[in-house]
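A look at the structure
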Amino acid sequence: SNLSASCWSRLHPVNMFNSYNVKFHHRKALTSPYPGSHIERSQVPEDKVGWLTDWEDYNPVEYTAKSVLARPNWADPQINDEGFSPKFNERDGEVERKSLNGLYVVENGRPRNPVGRTGLTGRGLLGRWGPNHAADPVVTRWKRDGSGNKVAHPVSGKNILQFVAIKRRDCGEWAIPGGMVDPGEKITATLKREFEEEALNSLQKSPEEKAKLEKQLQKLFSQEHFVVYRGYVDDPRNTDNAWMETEAVNYHDETGETMDNLPLEAGDDAGVVKWVDISEKLELYASHSYFIKLVTEKQGAHWSEDPGSECHK
């Protein structure tokens, strides 16, 4: 019980979900105002986040964005709409309503956030009641000097890893170039598609250019990869009834030959895209810094100038 959240999850990186890390999970999911609005969440004290703590006076704000209520193809109807009877905790037609973290409670017809209270009910900006599934491709290479030699950090002595980062248009924060899993789509397809759209602007490419990119990426995305994390994400868009989950996967270009020849170009939801040196000083969107840290540990790369901050088995 003395293990910190980050050390515990290093031992169990694929499913970091237990009582030690409620604080980790519900930091950004408690922020106000809610993204893209002036809606203030009801304040949730740290000791009342968990549902097991009784709180009779809990009276969260109800909010679902107009863009969601307009019923785009990626959004569910409202719970009480006629003809809408979602099958929670299972695959519902083409929509995956199973959580990566196991069964969740459904109360009064609404799914309940498995980590705890957020001060907001409804769906906010999220389309699905319950889990909203995303995929985050962490594409990495070693930082190299002009002669092609790996660059080591002067303090830690470990080689510096770089990853492809995008600056999100919606909030201006740096992030992994990921996105939502389309209904019926396999995670492997989402990871590749989102990277192409966000970091290579594939939606604006000609068929010939796109075919060339596909050929170059095929080698990277078909090689052995590392599943960094699968599960709940501490995301500022989360509510009591809708939340983000992701599968983060590391595709590492050991020699740099594949990625060095790919023209990075921001597209879709990205404002800027570039290679970023990885260290603990990075401040990234949602839980992305945590995913990046797990990748550096797996690759034995530089993370911190303080050797005491790294976890040890």
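Above this note sits the structure.
Below or above, wherever it landed, is the structure these notes cover. (Residues numbered from 1 in each chain as written. Predicted model: local features only at pLDDT ≥ 70, side-chain atom pairs only at ≥ 80, totals over all residues. Heavy atoms only, no water.)

What to know about the nonpolar core
Core analysis: the biggest nonpolar cluster contains 55 residues, and V139, F163 and F195 have the highest contact counts within it. For this core, the element with the most residues is strand β12 (residues 242–253), which contributes six residues. The contact partners of F195, leaving out residues within four places of it in the chain, are P137, V139, V164, P177, L200, L217, F221 and M259. Ranked by size, the runner-up nonpolar core spans six residues in total, among them Y34, Y63, A65 and V68. (Core = buried A, V, L, I, M, F, W, Y, C linked by side-chain atoms within 4.5 Å. Buried < 20%, exposed > 50% of the residue type's maximum accessible area, 1.4 Å probe, protein only. Helix = DSSP H or I, 4+ residues; strand = E, 2+ residues; numbered from the N terminus. Contact = heavy atoms within 4.5 Å.)

Some words on the environment of N238
Take N238: it is sitting in the loop between β11 (226–232) and β12. For the pair N238 and N132, spaced 106 residues apart in sequence, the C-alpha separation works out to 9.5 Å. Contact partners of N238, with chain neighbours within four places excluded, come to A29, Y34, R41, N113, T118, L126, Y232, V233, W243 and M244. In terms of polar contacts, N238 uses its side chain to reach the backbone carbonyl oxygen of V233, at 2.8 Å. (Polar contact = N/O pair within 3.5 Å; in protein donor to acceptor, adjacent residues only side chain to side chain.)

Points about the packing of aromatic side chains
Working definition: an aromatic ring pair is given by the centre-to-centre distance plus the angle between the planes. For the structure on display, the rule yields 10 aromatic pairs. Seen from their ring centres, W51 and Y58 are 6.3 Å apart, and the 75° between their planes marks the pair as edge-to-face. Consider the rings of F221 and Y251, whose centres lie 4.3 Å apart with planes at 40°: the pair is tilted. Placement of the pair is F221 in helix α5 (residues 207–222) and Y251 in strand β12, with a sequence separation of 30 residues. Each member of the pair, F221 as well as Y251, carries the same accessibility label: buried. (Phe/Tyr/Trp six-rings, centres within 6.5 Å; stacked < 30°, edge-to-face > 60°.)

Quick word on the environment of N80
Its location among the elements puts N80 in the loop between α3 (66–69) and β2 (91–92). Sequence separation between N80 and G109 is 29 residues; the distance between their C-alpha atoms is 8.8 Å.

Focus on helix α4 (residues 187–199)
With 13 residues, α4 should reach 18 Å at 1.5 Å per residue; the first-to-last C-alpha distance of 18 Å fits that figure. Burial runs high along α4: 10 of the 13 residues are buried. Among the residues making up α4, those that are buried are T190, L191, K192, R193, E194, F195, E196, E197, E198 and A199. Once α4 ends, the next one or two residues include N201, with phi positive near 55°. (Expected span 1.5 Å × (residues − 1).)

Focus: the environment of G102
Inspection of the secondary structure puts G102 in the loop between β3 (95–96) and β4 (106–107). Given the relative accessible area of 34%, G102 is considered partly exposed. Between the alpha carbons of G102 and P114 there is a distance of 9.2 Å; along the sequence they are 12 residues apart.

Some details on the layout of surface pockets
A water-sized probe, rolled over the atoms, reveals where empty space remains. Approximately 1300 Å³ is the volume found for the largest pocket. Among the residues forming the lining of the largest pocket, the class breakdown is 18 nonpolar, 11 polar and 20 charged. (1 Å grid on protein atoms, 1.4 Å probe; cavity = no way out; pocket = protein on both sides within 12 Å on 5 of 7 lines; lining within 4 Å. Points joined across faces, edges and corners; volume = space filled by probe spheres on them. Nonpolar A, V, L, I, M, F, W, Y, C, P; charged D, E, K, R; others polar.)

Let's talk about the side chain of S42
With respect to the helices, strands and loops of the structure, S42 is situated in the loop between α2 (22–25) and β1 (61–64). At a separation of 3.1 Å, a polar atom in the side chain of S42 contacts the main-chain carbonyl oxygen of N59. If near-sequence neighbours (up to four positions away) are discounted, S42 is found in contact with N59, P60, V61, T118 and G119.

Some points on the pairing of strand β6 (residues 120–124)
Most of β6 sits out of view: five of its five residues are buried. The pairing of β1 with β6 spans three bridges and is classified as parallel. Looking across to β6, one finds that V61 is bridged to L120. (Pairing = 2+ DSSP bridges.)

Some words on the pattern of salt bridges
Within the structure shown, the criterion is met by 21 salt bridges. We note a salt bridge from R97 to D92, for which the minimum N-O separation is 2.8 Å. For D92, a relative accessible area of 18% corresponds to the buried category. In this structure, D277 and K143 form a salt bridge, with 2.6 Å as the shortest nitrogen-oxygen distance. Within this pair, whereas D277 is found in strand β13 (residues 270–277), its partner K143 is found in the loop between β7 (130–142) and β8 (161–168), the two being separated by 134 residues in sequence. (Salt bridge = Lys/Arg side-chain N within 4 Å of Asp/Glu carboxyl O.)

Brief notes about the packing of α4 against α5
The interhelical angle for the contact between α4 and α5, taken along N-to-C directions, is 135°, at an axis separation of 11 Å. It follows that α4 is oblique to α5 by the angle criterion. Two packed elements cross with a definite hand, and for α4 against α5 that hand is right-handed. Taking contact as the criterion, the partners of L191, K192, F195 and E196 in α4 are, on α5, E214, L217, Q218 and F221. Looking at the contact of α4 with α5, its residues break down into four nonpolar, one polar and three charged. (Axes fitted to C-alpha atoms, helices over the stretch in contact; angles between N-to-C directions. Parallel < 35°, antiparallel > 145°, perpendicular 65-115°, else oblique. Left-handed = near helix turned anticlockwise from the far one by under 90°.)

Any functional reading would require information that these geometric values do not contain.
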